[in-house]
Amino acid sequence: MIKKITAIALSVLLLTACHAEERKQQVTGTTPTETTVTTPLTLTEIITEEVFPEPEDNGIIELAVYNPFTDCVKVDDSTREELTEAMKKILDGMAFYGAHVNTGQFYIGSEYEDNFADTDIVMETEPRNGFVYSPLNPEIAETEEELIEYFRSVFTEKWIGENYEENLREIIFNEGLRDYKTIDGTLCVLVSPDSALKRDDLEKMIILDYDGTTAKIAMESTAYNTGATANVRFFSNWTITKCEEYGWRLDSTGSFYYYELRMNLLHTLLLNCNKINDVLSGKTDKSVTAVIDGEEYYLSEADMSIKEMTEFFTDIFHTKSLAEENNYGRGTNTELLRDEYIEKYINAVYAESDGALYRKASAPEWYLPEIKIRPDVSIIKRDNLSAFTVPIVIDGESHPITVKYGIEVGGAKPLCFASGLPIKTLE
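Residues numbered from 1 in each chain as written. Predicted model: local features only at pLDDT ≥ 70, side-chain atom pairs only at ≥ 80, totals over all residues. Heavy atoms only, no water.

### A look at the layout of surface pockets
Of the voids in this model, the largest pocket is the one considered here, and its volume is about 1100 Å³. Residue lining of the largest pocket: 34 residues in total, with Tyr66, Thr70, Ile371, Lys372 and Ile373 positioned closest to the centre. If you list the elements that add at least two residues to the lining of the largest pocket, you get strand 7 (206-210), strand 8 (214-220), strand 9 (232-243), helix 5 (260-270), helix 6 (273-281) and strand 16 (371-373). Within the lining of the largest pocket, the residues separate by chemical class into 18 nonpolar, six polar and 10 charged. (1 Å grid on protein atoms, 1.4 Å probe; cavity = no way out; pocket = protein on both sides within 12 Å on 5 of 7 lines; lining within 4 Å. Points joined across faces, edges and corners; volume = space filled by probe spheres on them. Helix = DSSP H or I, 4+ residues; strand = E, 2+ residues; numbered from the N terminus. Nonpolar A, V, L, I, M, F, W, Y, C, P; charged D, E, K, R; others polar.)

### Things to note about the sheet that holds strand 8
Taken in spatial order, the four strands of this open sheet run 7-8-9-10, and their pairing is antiparallel. Each edge of the open sheet is held by one strand with a lone partner, namely strand 7 and strand 10 (247-259). Between one strand axis and the next, the sheet turns through 20° on average, direction left out of account. As judged from the four bridges shared by strand 7 and strand 8, these two strands associate in the antiparallel manner. Across the sheet, the residue bridging to Ile207 is Ile217, located in strand 8. (Pairing = 2+ DSSP bridges. Axes fitted to C-alpha atoms, helices over the stretch in contact; angles between N-to-C directions.)

### A short note on the sheet that holds strand 19 (residues 411-417)
Sheet architecture is open: four strands sit in the order 16-17-18-19, paired in antiparallel fashion. Of all the strands in the sheet, the pair left with one neighbour each is strand 16 and strand 19. Along the sheet, successive strands turn relative to each other by an average axial angle of 45°, direction set aside. Here eight bridges tie strand 17 (residues 387-394) to strand 18 (residues 397-408), and the two strands are oriented antiparallel to one another. In the sheet register, Val390 faces strand 18, and the bridge partner there is Ile401. Across the sheet, helix 5 lies against strand 16, strand 17, strand 18 and strand 19, angled at about 60° from strand 19, the strand it touches most. (Contact = heavy atoms within 4.5 Å.)

### Brief notes about the pairing of strand 4 (residues 132-135)
Residue alternation in strand 4 divides its side chains into two sets, Val132 and Ser134 and Tyr133 and Pro135, and both sets are buried. Pairing analysis gives two bridges linking strand 3 (residues 124-125) to strand 4, with the strands arranged antiparallel. Each bridged residue has a counterpart across the sheet, and for Glu124 the counterpart in strand 4 is Tyr133. The pairing of strand 4 with strand 6 (residues 186-191) spans four bridges and is antiparallel. Note on strand 6: the bridge partner recorded for Pro135 is Cys188. (Buried < 20%, exposed > 50% of the residue type's maximum accessible area, 1.4 Å probe, protein only.)

### Things to note about the side chain of Asn272
You can see Asn272 is positioned in the loop between helix 5 and helix 6. Polar side-chain contacts of Asn272 include one of 3.4 Å to the backbone oxygen of Thr268. (Polar contact = N/O pair within 3.5 Å; in protein donor to acceptor, adjacent residues only side chain to side chain.)

### Some remarks on unusual backbone geometry
Cis rather than trans, the peptide bond between Lys413 and Pro414 has omega equal to -5°. Tracing the backbone shows Pro414 in strand 19. Here the phi dihedral of Lys283 falls at roughly 45°; this positive angle occurs in a residue that is not glycine. Here Lys283 lies in the loop between helix 6 and strand 11 (284-292). Look at Lys283 and you get partly exposed, because its relative accessible area is 40%. Its identity is not glycine, yet Asp395 carries a phi of approximately 50°, on the positive side. Here Asp395 is to be found in the loop between strand 17 and strand 18. Given the relative accessible area of 53%, Asp395 is considered exposed.

This is the structure we're talking about:
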């Protein structure tokens, strides 16, 4: 069984593991091993899975840990160093570009964190908010034209927009509340009080893709934004491109909240998909047939009895669908789920004879396609203490899925699908 973890204090380290071997064991069993994974984040992590005795009859399901960055790539040390330096330049540029510069806007360890401006000198006070203008660090720029060129070395035309210089001037020198202003011949920056803004940590940089001229990078912030709660983490993602004149520049950026506990709950359920497919397909041997009650059946090689299949479906499906109206799921919460699935996929197609399991020859062959989790989902519907709905990806398309759960010490009780799965018929 998968190593037992506390549902509230879930492991942070696994988020940085790249190309970690997928946990293919079902939640209900198999004997795991101990594995050492060396990641491109200069961290070596020990992922330990142990053999546990059969659980007590308390119904607790131990949670598996989902790694949202299994698709990150490995690069050599020199490439990683190059990309790290590129992100230092870009993150510094973002801090200077952001409205009302302060120490908290710089990444952890930035050389400009405490000297982005000569804050001991107040050239002017902004009367509307009390912020002050101080001389900008001359290493960045000494004139407005140099400042425009500095930003040109940080951001691509795609990021700023077609009218590059015009857009920049409008943003940083606008008449409404200028972030930069030349006072008595000195280029000054508007300095605001330090704040609790999120700050990126380059030690946690994850390289998602790299081809020599384009790189996709993700980073976890060290502090939550306002409104973040337990088991919610914040990630930023960046696409940077390389050109001859300026080197690496920012092409696009975004961010998302990562709902750690909910993703682990969903991941734990999805580890049962292979077993669900065993029930749906029956794993039949069409060369061996039997006639039962006047109808032809194929021998099933599924390693379960009808009773075991029924117990499995009873555990993994809620009594009724909790899918909200207008969802792509199974409809409103007035519809049954568990009993209909047991009747359709088990009772109506299976029979036992002489100690062997058979599947009706005329029954459709069903299957559950590969389900991919979307870790970047920021909005989860029906968010409460016992159920949530989150989009998954099936065959490149987004579908919502509802999970019912209850938190107990060491895991979840209960934990089951509370909406229909996107089951398909084999053509």
